[in-house]
Every structure is written in C-alpha cells, then in structure tokens.
Amino acid sequence: MQSGIEEEGTPKGWRMKNQSESIALHEAIKRGHEEIGLQLLDIDEETAMIGNGAGESPLYLAAKSGLRMLVLRILKCPRFSSEGPNGRSPLHSAVINRNLGICEMLIQSLPHLPKQTDKFGKTAIHYAAAEAAMKMPPTRKKTAEKTIHLLLSADPSSATIPDEHGVSPPLLAAAKGNIRLLKTLLSYSPDCYYLLNSEGQNAIHLAVLHSRSKMLKFLIKRPEFEGLANEVDDGGNTYLHFAAAKCNPGIVRLLLECQGVDLNITNKDGHTCLDALPSRKGLRLRIVKSMIESRVRANLKGRPFRGR
C-alpha cells in the first residue's frame, strides 16, 4: 500500500483537505462516485479513519448515501472510523435515509450499533419508530416497519432505551396512537409495557394525555394492565386526573369502567380527579362530571358502574 504522506511530511493529493476539511474520499462519497471511492481506499485504506469538518467519517457518509459496495469495503479495512455528527453512528444514518440493506450490513459487522445513542439519547430505533408512527406513503411505512423488525431482531433491548427526555420507542408509539407499532415492540420486548418517561408516566398516561382512545382501549385490555389501574406519575396524577383535565368523555368512560379504579386518589397538589376538571363551562364538562359522580355513587352503593 502506498503511504498517504510524502517523505517531507506533506500530505499526498488524496489526503489534502478542502475548506470543509474533506479529503478526496469524502467528496467522492458525497457525490455518489462509488467506484472512485473504492479506488481511493485501494490506494490508502488509512483514509477510512479520517473524518471531515462536520464530524462525518467515510463509513457514515457511505451509509447515508446508500453506497453498499463502499460500506462493505470500509468494513473490511483493518481500521476505520464510524463517527458521525451529533454522536450519530452509520446505523443512525442508514435508518434516517431508509437504506435497509446497509442497516443489515452494519448490524452484521458491528452488532453494538443498535444500542448506540446519539447526542439526543436516541438509538437508531427511535428514528425508525418516529418514521413508522407518521402518516406516509405505504412503501415508506413498509420500509420503516422492516427496519424496526431488523433492529429488534438484532437486539430486543434497544426498544427500552430512553432518549434525553425519557421517551423510549414504546412510549412514542403510545403518544402517537400507533397500535401496530406498539404491538411490534411488545412482541420483541414485553416488559416495555411498563416503561416510564422522565416524568414517571407510562404508556397509558401518554395515551390519555394525547387523547388516543383506541390506544387506551388496546392498553387496558392487555393482561399487563392488571394492577395498574391507579398508577401515578411523579406529580401523583392518575390516568383519571389527566382525562378529567382534558374533559374527554370517551377516555373518562373507558377508565371508569376499569376494575379497581380509585377516584379518591389525590395528587401532590391535593386534588382528586374531580378537582382536576377545568373551570370552564360546557356540555363536555357536564358530561364528564356527571360520569365521575355517577361512578362515585356506584362505588358507595357497591354497584358496578354503568357509563352513559
């Protein structure tokens, strides 16, 4: 292999950096010139270790650009960098740019990548889950779902890793109301049903907070819900505190029908769910207040609740 440095210590042409601190290999990759990139690596494999001014390694750029042969070639180098901007890995890059084939190659060679977090505490599956939770063309959604299956097959525990805000992929799915996504995550990691965010809120809290009635129905019908009817967050709020505050009759009805629900729990402000009702007047408020009071009376008389 030829050395990338002249005897006088001056970099050879392929190691010279431009104003963006990119060498020839970086520029070839960014322009999609895969053959040139392969030739440059054959000349000097050590360039696989060099990042540009944006903190992008050749492997990161190749994964981002979807250059499969170049990714494979770099992975065969004795030494290479896998760094990316904001702490992102090449797997983050491949997922964000929907390069499923490259995701497979990276996971096979670098099995630790599914758990690697970026500057924001997000793993690759955070980005795949965010994509799958969005409204998008069927082909893009299918790619996102395949990516999630691939990442979870490689490391199911990656589904439980929270980002800097304490949000893990299952909690994101609950907040977005994406039942299909949450089912997939639970099938690989059943315990993710019990995950909490940085405010001590679980998937049920988030489904209520975001008015996801179908998601709430899915969650409370699962066997894991047993014993969780009165879970509180760090502020002492139950699901009913949030449902009452949002004055959502459908959500309130679903929760009141849950066995063992306690309407007398007070949060850290000393408020029950009735106290959490908004002060504004209106039909929704009257309906929700009537439903909660009806459940209170039913409890006192030992009768089952019958929502209106």
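Our subject is the structure that appears above.
Quantities reported herein were computed from a predicted structural model and do not represent experimental measurements.

## With respect to the overall build of the protein
Here's step 1: Counting its regular elements, the protein contains 15 helices and zero strands.
Here's step 2: Its C-alpha radius of gyration of 26 Å places the protein more than 25% over the 19 Å reference for a compact globule of 308 residues.
Here's step 3: The buried share of the protein, reckoned over its 308 residues, is 50%.
Here's step 4: Long-range pairs, those at least 24 residues apart, make up 67% of the contacts in the protein between residues at least 6 apart in sequence.
Here's step 5: Summed over all atoms, the accessible surface of the protein reaches about 15400 Å², with 50% contributed by carbon and sulfur.
Here's step 6: Across the protein, the mean location of the 42 positive side-chain charges is 15 Å away from that of the 32 negative side-chain charges.

## Side note on the environment of Leu206
Here's step 1: For Leu206, the location among the structural elements is in helix 11 (residues 203-209).
Here's step 2: Assessed through its relative accessible area of 8%, Leu206 is described here as buried.
Here's step 3: Considering only alpha carbons, one finds Leu206 and Cys273, 67 residues apart in sequence, at a separation of 17 Å.
Here's step 4: Those residues in contact with Leu206 that sit more than four places away from it in its chain are Leu171, Ala175, Asn197 and Gln201.

## Some points on the layout of surface pockets
Here's step 1: Within this model, the largest pocket holds a volume of roughly 180 Å³.
Here's step 2: Looking at the largest pocket, the residues that line it are Ile220, Phe225, Glu226, Gly227, Leu228, Ala229, Leu254, Glu257, Cys258 and Gln259.

## Looking at the packing of aromatic side chains
Here's step 1: Per the counting criterion, the structure on display carries one aromatic pair.
Here's step 2: Relative to Tyr194, the ring of Tyr193 lies with its centre 5.5 Å away and its plane at 70°, an arrangement referred to as edge-to-face.
Here's step 3: You can call Tyr193 buried: its relative accessible area is 4%.

## A look at empty space enclosed by the protein
Here's step 1: Summed over all chains, the structure comprises one cavity of 30 Å³ or more.
Here's step 2: One number sums up the size of the largest cavity: a volume of about 50 Å³.
Here's step 3: Lining of the largest cavity is provided by Val95, Arg98, Ala128, Glu131, Thr143, Ala144 and Thr147.
Here's step 4: Listed by contribution, the elements that provide at least two residues to the lining of the largest cavity are helix 7 (124-132) and helix 8 (138-154).

## Considering the pattern of salt bridges
Here's step 1: Under the counting rule described, the total for this entry stands at 13 salt bridges.
Here's step 2: A salt bridge links Arg140 to Glu131, with the nearest nitrogen and oxygen atoms 3.2 Å apart.
Here's step 3: Judged by relative accessible area, which is 28%, Arg140 ranks as partly exposed.
Here's step 4: Look at the salt bridges and you will find they share partners, linking Glu27, Lys30 and Arg31 into a network.

## Describing the side chain of Glu224
Here's step 1: Looking at where Glu224 falls in the secondary structure, it is placed in the loop between helix 12 (213-221) and helix 13 (239-246).
Here's step 2: For Glu224, a relative accessible area of 12% translates into the label buried.
Here's step 3: For Glu224, the side chain forms a polar contact with the side chain of Arg222, separated by 3.0 Å.
Here's step 4: Every residue in contact with Glu224, bar those within four places of it in the chain, is listed here: Pro190, Tyr193 and Tyr194.

## Details of the nonpolar core
Here's step 1: The biggest cluster of nonpolar side chains holds 88 residues, and the ones touching the most others in it are Leu91, Leu106, Leu216, Leu219 and Phe225.
Here's step 2: At six residues, helix 7 tops the list of elements feeding residues into this core.
Here's step 3: If sequence neighbours within four positions are ignored, Phe225 has contacts with Tyr193, Ile204, Leu219, Ile220, Tyr239 and Cys258.

## Notes on the packing of helix 7 against helix 8
Here's step 1: Across the interface, helix 7 lies against helix 8 with an axial gap of 9 Å and an inter-helix angle of 150°. One finds that helix 7 runs roughly antiparallel with respect to helix 8. Helix 8 is crossed by helix 7, and the crossing has left-handed handedness. Contacts between helix 7 and helix 8 involve Ala124, Ile125, Ala128, Ala129, Glu131 and Ala132 from the former and Arg140, Lys141, Ala144, Thr147, Ile148, Leu151 and Leu152 from the latter.
Here's step 2: A class-by-class count of the residues in the contact of helix 7 with helix 8 yields nine nonpolar, one polar and three charged.

Calculation notes
- Residues numbered from 1 in each chain as written.
- Predicted model: local features only at pLDDT ≥ 70, side-chain atom pairs only at ≥ 80, totals over all residues.
- Heavy atoms only, no water.
- Helix = DSSP H or I, 4+ residues; strand = E, 2+ residues; numbered from the N terminus.
- Rg over C-alpha atoms; globule rule 2.2 N^0.38 Å.
- Buried < 20%, exposed > 50% of the residue type's maximum accessible area, 1.4 Å probe, protein only.
- Contact = heavy atoms within 4.5 Å.
- Areas by Shrake-Rupley, 256 points an atom, 1.4 Å probe, with all protein chains shown as cover.
- Lys, Arg positive; Asp, Glu negative; His and termini not counted.
- Charge placed at Lys NZ, Arg CZ, Asp CG, Glu CD.
- 1 Å grid on protein atoms, 1.4 Å probe; cavity = no way out; pocket = protein on both sides within 12 Å on 5 of 7 lines; lining within 4 Å.
- Points joined across faces, edges and corners; volume = space filled by probe spheres on them.
- Phe/Tyr/Trp six-rings, centres within 6.5 Å; stacked < 30°, edge-to-face > 60°.
- Salt bridge = Lys/Arg side-chain N within 4 Å of Asp/Glu carboxyl O.
- Polar contact = N/O pair within 3.5 Å; in protein donor to acceptor, adjacent residues only side chain to side chain.
- Core = buried A, V, L, I, M, F, W, Y, C linked by side-chain atoms within 4.5 Å.
- Axes fitted to C-alpha atoms, helices over the stretch in contact; angles between N-to-C directions.
- Parallel < 35°, antiparallel > 145°, perpendicular 65-115°, else oblique.
- Left-handed = near helix turned anticlockwise from the far one by under 90°.
- Nonpolar A, V, L, I, M, F, W, Y, C, P; charged D, E, K, R; others polar.

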